[in-house]
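Spelled out, the chains give:
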Amino acid sequence: MPSGSTALSRASTRHVEARLREVLADPQRRDSDLDVHFQPIVALPRGDVVEVEALVRWHDERLGEVPPDVLVGVAEDSRLVGDLGRWVLERASRAAASWPDGAGGRPAVAVNVSPLQLEEPGFVDDVRGALARSGLPADGLVLEVTEAVGVADPGATHSVLSTLRRDGVRVALDDFGMGRSSLTLLRDLPLDLVKIDRSFVSGPRRGASDAVLLRLLVDACHSLGLQLVAEGVEDEAQARTVTALGVDRAQGWYFGRPAPDADGVGAASRAPVPTPLDVRAEVVGP
Ligand code: C2E
Ligand code: MG
Ligand code: MG
Ligand code: MG
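Keep in mind it's a predicted model, so treat the numbers as computed, not measured.

A. Examining the nonpolar core more closely. Counting residues in hydrophobic clusters, the biggest one holds 76 residues, and the most contacted among them are V109 and L141. At eight residues, the largest contribution of residues to this core is made by helix α5 (residues 81–97). In contact with L141, other than residues within four places in its own chain, are L89, A108, V109, V111, V127, L131, L136, V169 and R170. Core analysis: the second largest hydrophobic core is formed by seven residues, A108, A110, L193 and V229 among them.

The structure is reproduced here in structure tokens:
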């Protein structure tokens, strides 16, 4: 039997799209072939789990595991991203509504939203519906958007995000610092949180200048009333660095990998974060 990635790499985009269309059209297959994994996001410096990110997973009988970025790309190109996004939103809200309080209260669930999904006319109703059906309060939901939001229609995107924020939903800008992220996004988008791309934290071409940039971003975000989340924290040294730089929250393999909800990620205990005093002792000033 060919391995999943081999079958996937041999498959044409059109074939992947056809498989996805079938899955989304069949409620039973949708609930069995698609899944959502959850990864904790902790508040620094204590390490309480305050958010949990929902990450879609697709296991197809013929294609094997289809990586989420491939899945989302295909869904965006074939107008299926609305259906996919609604399914993830429902599944994630229902899971989050059942999580017990942890040390940091009940964690909010963070759901990734494609720019195309946000531009669909029913998006606000989809979000409100998912909250109402699951019983999750609006402040239990964070929507993660990327720098590509609002490129097609900045006014409409702004109004959708502002409407949902007035309901109590929070908005995070994902992968900030990747690609052509501009600082004006921080000023122009209605945001609560900014997630710094993992290339600044654990990427292969990291250097001393990353700490300088991180420090600048912490200052900029705090001045704008935004909280900063470091993505891709893979080891203790990186956890110490982001804590010392004043980053508010962190996510990464060091604190926990994405896992099925059955593994209790939502109720995960505190991660082993170095105490602030330890950190201060170790960090060399700028
Ligand atoms: P993202 O939103 O930036 O999610 C974080 C990604 O980083 C996840 O990859 C996660 O597994 C990975 N990650 C977390 N901690 C670490 C770490 O310490 N080291 C490294 N190397 N990686 C880490 P994943 O699950 O493969 O998802 C990839 C991307 O696919 C996501 O990036 C997001 O843009 C997209 N995606 C995933 N689920 C959905 C969804 O339901 N809807 C939409 N629109 N996009 C989604
Ligand atoms: Mg994300
Ligand atoms: Mg990200
Ligand atoms: Mg990403």
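B. Summary view of helix α10 (residues 208–223). With 16 residues, α10 ought to run about 22 Å at 1.5 Å a step, and its terminal C-alpha atoms sit 24 Å apart, in line with that. Taken residue by residue, α10 has D210, L214, L217, V218 and C221 as its buried positions. Seen end-on, α10 carries its buried residues on one side only, within an arc spanning 105°. Facing away from the buried side of α10 by over 90 degrees, the exposed positions are A208, V212, L216 and S223. For α10, the elements touching its buried residues are β6 (170–176), α9 (183–188), β7 (193–196), β8 (227–230) and α11 (236–244).

C. Representation of the layout of surface pockets. Its volume calculated, the largest pocket comes out at about 1300 Å³. Along the walls of the largest pocket sit 39 residues, with E53, L55, N112, D174 and D175 positioned nearest its centre. Every element with two or more residues in the lining of the largest pocket is listed here: β2 (48–60), α4 (68–77), α5, α6 (115–118) and β6. For the lining of the largest pocket, a count of residues per class yields 14 nonpolar, twelve polar and 13 charged.

D. Local environment of the packing of aromatic side chains. What the rule picks out here adds up to two aromatic pairs. A ring pair is formed by F38 and W99, whose centres lie 5.4 Å apart and whose planes are at 90°; its orientation type is edge-to-face. Of this pair, F38 sits in strand β1 (residues 34–43) while W99 sits in the loop between α5 and β4 (108–112); the two residues are 61 residues apart in sequence, bridging distant segments of the chain. Take F38: its relative accessible area is 2%, and that puts it in the buried class. For the ring pair Y254 and F255, a centre distance of 5.0 Å and an interplane angle of 75° mean the geometry is edge-to-face. With relative accessibility at 9%, the residue F255 sits in the buried group.

E. Spatial organisation of the pattern of salt bridges. Under the counting rule described, the total for this entry stands at 18 salt bridges. For R21, the salt bridge goes to E17, with nearest N and O atoms at 3.1 Å. Here the residue R21 and the residue E17 both occupy positions in helix α2 (residues 13–25), the gap between them amounting to four residues, near one helical turn. Several salt bridges share partner residues, and in doing so they unite R19, E22, R29, D33 and D60 into one network.

F. Representation of the side chain of E51 within the structure. Relative to the helices and strands, E51 is located in strand β2. What makes E51 buried here is its relative accessible area of 1%. A polar side-chain atom of E51 sits 2.6 Å from a polar atom in the side chain of R249. Look past the residues within four positions of E51 in its chain and what remains in contact with it is Q39, P40, I41, P107, A108, A110, V142, L193 and R249.

Each value, and the rule that gives it
Residues numbered from 1 in each chain as written. Chains lettered and ligands numbered in written order. Predicted model: local features only at pLDDT ≥ 70, side-chain atom pairs only at ≥ 80, totals over all residues. Heavy atoms only, no water. Core = buried A, V, L, I, M, F, W, Y, C linked by side-chain atoms within 4.5 Å. Buried < 20%, exposed > 50% of the residue type's maximum accessible area, 1.4 Å probe, protein only. Helix = DSSP H or I, 4+ residues; strand = E, 2+ residues; numbered from the N terminus. Contact = heavy atoms within 4.5 Å. Expected span 1.5 Å × (residues − 1). Arc of directions from axis to C-beta. 1 Å grid on protein atoms, 1.4 Å probe; cavity = no way out; pocket = protein on both sides within 12 Å on 5 of 7 lines; lining within 4 Å. Points joined across faces, edges and corners; volume = space filled by probe spheres on them. Nonpolar A, V, L, I, M, F, W, Y, C, P; charged D, E, K, R; others polar. Phe/Tyr/Trp six-rings, centres within 6.5 Å; stacked < 30°, edge-to-face > 60°. Salt bridge = Lys/Arg side-chain N within 4 Å of Asp/Glu carboxyl O. Polar contact = N/O pair within 3.5 Å; in protein donor to acceptor, adjacent residues only side chain to side chain.

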